[in-house]
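Okay, here's what each chain looks like letter by letter:
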Amino acid sequence: MRALLLAGLMTVALPTMAEKLTIDRIYSDPGLSGPTPRGLKISPDGTRVSFLRGRAEDQNQLDLWEYSVKDRSTRLLVDSKKLEPEGEQLSDAEKARRERARTAGLHGILDYQWSPDGARLLFPLNGELYLYDLAAPAAKAVRKLTRGGGFVLDPKISPKGRYVSFVRDQNLYVIDLASGKETRLTHDGGGTVHNGEAEFVAQEEMDRRTGYWWAPDDSLIAFERYDEADVPVVRRFEIYADRTDVVEQRYPAAGDPNVRVQLGLIAPGGGQPRWVDLGANPDIYLVRVDWTPAAKGLSYQRMARNQQRLDLQLVDTATLQQRTLLTETSATWINLNDDLRFLDGQQAFVWASERTGSKHLYLYGLDGKLLHPLSRGAWNVDGVLGVDEKAGRVYVASNKDFVPDKQIYALKLDGSDADAPQRISKRDGWHEAVFAKGGTFYVDTFSDPKTPPQVAVHAADGKFVAWIEPNALDARHPYAPYRDSHVLPEFGTITADDGQTLYYRLYKPLGFDPAKRYPVFDTFYGGPNAQLATRGWTDMFAEYMAQHGYVVFTLDNRGMARRGRAFSDVIHKQLGAAEVADQVAGIRWLKAQPWVDGKRIGTFGWSYGGYMNLMMLAKDSADLAGGVSVAPVTDWRLYDTFYTERYLGTPQQNPAGYTRSAVFAWLDGLTAPLFLAHGMADDNVLFANSTRLMAELQRRGIPFELMTYPGGKHGLSTPEMKKHAYRAIAAFFDEKVKGECGAQCVAAQAVPAAAKPAKAKPAGKPKTKAAATRP
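Residues numbered from 1 in each chain as written. Predicted model: local features only at pLDDT ≥ 70, side-chain atom pairs only at ≥ 80, totals over all residues. Heavy atoms only, no water.

Just checking my understanding: could you explain the overall build of the protein chain for this structure?
Counting its regular elements, the protein chain contains 14 helices and 45 strands. Expected size for 775 residues packed as a compact globule is a radius of gyration near 28 Å; at 26 Å, the protein chain falls within 12% of this value. For the protein chain, the spread of C-alpha atoms along the principal axes amounts to about 70 × 60 × 55 Å. Across the 775 residues that make up the protein chain, the buried fraction comes to 59%. Accessible surface, the protein chain as shown: approximately 30,000 Å² in total, 51% of it carbon and sulfur. Taken together, the 96 basic and 94 acidic charged side chains of the protein chain have centroids lying 1 Å from each other. (Helix = DSSP H or I, 4+ residues; strand = E, 2+ residues; numbered from the N terminus. Rg over C-alpha atoms; globule rule 2.2 N^0.38 Å. Buried < 20%, exposed > 50% of the residue type's maximum accessible area, 1.4 Å probe, protein only. Areas by Shrake-Rupley, 256 points an atom, 1.4 Å probe, with all protein chains shown as cover. Lys, Arg positive; Asp, Glu negative; His and termini not counted. Charge placed at Lys NZ, Arg CZ, Asp CG, Glu CD.)

Dropping the structure here:
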């Protein structure tokens, strides 16, 4: 507690001259949030905490570090620049993986894995594999395992530490660490066949980025084999400053065939694979694969194409006989999770389900019979963080006490406190916890609106043990010059049309005067599986807009995450209806506030938020001074099977729903000023979404402003693109919403017409497959 108090007191030692944020500074180095570790992992023996950290001169260049739990010291293990001074040359497959993992803007060491004895660390860099020996002298600590032969994907150390495995050129390989011998396990990968890889929709939509799984005793590898021959080939253009690439990609748009999936078993020494029977219907999703602790049982989760049925299967790996442990069904859709835990000490497993309308945990026997609930009530479990079988506890994350928060709770394995979990995290705000094996302690990354992310070790009961990174907001912190201009958000609620509660986050302008009336920057996402109105560290662009005279408002509408099924399921069969109704309710609430100028409200969204902005302008232009859409979905028929069909079904089953969910059915109502921006090499929400919108707006004579980014992917990941985009957004709001044209506006207007068309007054050679990714 004393250490926490000292860290808090350090925040007052700040410069007296307050500065306002600039867009250039937000997207420059060092990062304004401070030296925050990422990729935190605890060694299997619990003696070390490893993490990745950006460099002061380049926050996106990640190096590998460790923290010693015993002596509480931190040291750099691997300097990625020294190991690969020439920089990265990524394969197309790796570029696509990073886009799907939302790490396209990062470089250096992006992932790593501990050996089971806690003595070594495996990491990939620039397509090669390296093993770091913690006991070796620094000069000899790094061993290079591969040398050429092709770009390495998804490397792993086997559970007993005897092998390293990876995927190369669509086949699965292992290296025997004792002998150094490399063995190719599969031989038919190539063309449309992939071994050991997760297919596109698994990586992008199912949160499954691996396609193989080691048995706990190193005896077998379960692996996915998929064939995408039935998936239609889509040709799309990626437009760069100096070239245009024609990309041929097998992309399963809504209603199209998916890949054919198989699940095999193979020994690390090689041989013929044995195939698990996935059922008579080939049009299914293989969504999860897990081993039982004894390595005699392999479980997999099989989901129906309509995502309304999920079967948990258990396979005897000796005989390949299998049985169904349980089946989940839903009238709308089933959300996936990573909460399955097979217990070591009893023939049982922990299972998560939303069958009651809230996500809760249940304990089942291996015979498939329910033993008892582990949690229950009108609240939701976010996910399982750890299990301590000796103490009889399960640790979970939840927003039980306050919807915008994420806290850590303990539940008893015997179910005796299912409706009264014990909260172990102490501070209100946002906690991201990583538990040690066995749940003996955890590492917590905490933030709130006045505290940048801090990383500390805590005992399993929540007691503070030691700092890994206090990240004190003192005079040396990158954010220190802006601390005196820092605006703290307020949180509140309004009521949706159906009576459900909607949470908002509100920044009032710097120097707020309740007697004045201010313009509004209304920013939202609106889509499923997301929450923006959270009590974590600040949104820098929201801070920028608040410091420059705007009320900044964010409302989480129905359909979004962490609120239960009654809240989410209203979007089933039609998107852009309930979500827009809720955002319109937010506009009505803003107009009722005496410090809001109701004629100066503008909206902004990116991706699904860009789609939402278009729908808002089309359905409620009378209440808006203008809006910005970046990389918007405009027609859900262009989007992938798994994501789109979850909510809308197929276009063949629900043609009216697809038509009414697309923006084109509503465009005649779009009369407020629109600024549209899109990356011209976006392989997530394809640029075709915006080109079709442009053509339709032109056909109807609807004016709009446009900014396109050559080579830009979905997140416009380079600092230069981000700076340019956010300057343009701020300039649009200053001119159209605030009603003034400052330096940003003048600069934006000075861009040549070839790059930015004049504003209207309101009234090659085919490449190998890349991948489109989720909004």
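Is there a simple way to explain the pattern of salt bridges in this structure?
Evaluated as defined, the whole model comprises 54 salt bridges. A salt bridge links Asp218 to Arg162; its shortest N-O distance comes to 3.7 Å. In this pair, Asp218 is assigned in the loop between strand S15 (212-214) and strand S16 (221-227) and Arg162 in the loop between strand S10 (152-157) and strand S11 (163-168), connecting sequence segments 56 residues apart. You can call Arg162 partly exposed: its relative accessible area is 43%. Across the pair Arg600 and Asp597 runs a salt bridge, and its minimum N-O distance is 2.8 Å. Here the residues in one salt-bridge network are Asp401, Asp405, Arg423, Asp428 and Arg535, joined through shared partners. (Salt bridge = Lys/Arg side-chain N within 4 Å of Asp/Glu carboxyl O.)

Would you mind showing me how to read the pairing of strand S19 (residues 260-266) here?
One face of the sheet, then the other: side chains in a regular strand alternate in exactly this way. Counting buried residues along S19, 5 of its 7 residues qualify, which places the element largely inside the surrounding structure. The sheet contact formed by S19 and strand S20 (residues 274-276) spans 3 bridges and is antiparallel. If you follow Leu265 over to S20, its bridge partner there is Arg274. (Pairing = 2+ DSSP bridges.)

Is there a simple way to explain the nonpolar core in this structure?
Nonpolar side chains tend toward joint burial in soluble globular proteins. Core analysis: the largest hydrophobic core is formed by 83 residues, its most contacted members being Phe349, Trp351, Leu575, Tyr608, Tyr611, Trp636 and Leu693. Counting residues per element, this core draws most heavily on helix H9 (residues 608-620), which supplies 7 residues. Grouped together as the second largest cluster of nonpolar side chains are 40 residues, Ala677, Leu716, Tyr726 and Ala728 included. (Core = buried A, V, L, I, M, F, W, Y, C linked by side-chain atoms within 4.5 Å.)

What is the right way to look at the packing of aromatic side chains in this model?
How two aromatic rings sit relative to each other is given by the distance of their centres and the angle of their planes. Taken as a whole and judged by the stated rule, the model has 42 aromatic pairs. For the pair Phe342 and Phe349, a centre-to-centre distance of 5.6 Å together with 50° between the ring planes defines the contact as tilted. Each member of the pair, Phe342 as well as Phe349, is classed as buried. Where Phe604 meets Tyr726, the ring centres are 6.5 Å apart and the plane angle is 70°; that geometry is what we call edge-to-face. A residue pair is termed long-range when its members are at least 10 positions apart, and Phe604 in strand S41 (residues 596-606) and Tyr726 in helix H13 (residues 719-738) qualify at 122 residues. What links up through ring pairs into an aromatic cluster is the set Tyr27, Phe521, Phe541, Tyr544, Tyr550, Phe604, Trp606, Phe675, Tyr726, Phe732 and Phe733. Positioned above the aromatic ring of Tyr212 is the side chain of Lys156, whose terminal nitrogen or guanidinium carbon lies 4.0 Å from the ring centre. Between the NZ or CZ atom of Arg355 and the centre of the ring of Tyr362, over which it lies, the distance is 4.5 Å. (Phe/Tyr/Trp six-rings, centres within 6.5 Å; stacked < 30°, edge-to-face > 60°. Lys NZ or Arg CZ within 6 Å of the ring centre and 35° of its normal.)

Where do I start with the side chain of Gln531 in this structure?
You can see Gln531 is positioned in the loop between strand S39 (518-523) and helix H6 (540-547). At 3.0 Å, the side chain of Gln531 and the backbone oxygen of Val403 are in polar contact. Within the structure, Gln531 has its side chain in polar contact with the side chain of Arg562 (distance 2.7 Å). Setting aside residues no more than four positions away along its own chain, Gln531 makes contact with Val403, Pro404, Trp430, Asp556, Met560 and Arg562. (Polar contact = N/O pair within 3.5 Å; in protein donor to acceptor, adjacent residues only side chain to side chain. Contact = heavy atoms within 4.5 Å.)

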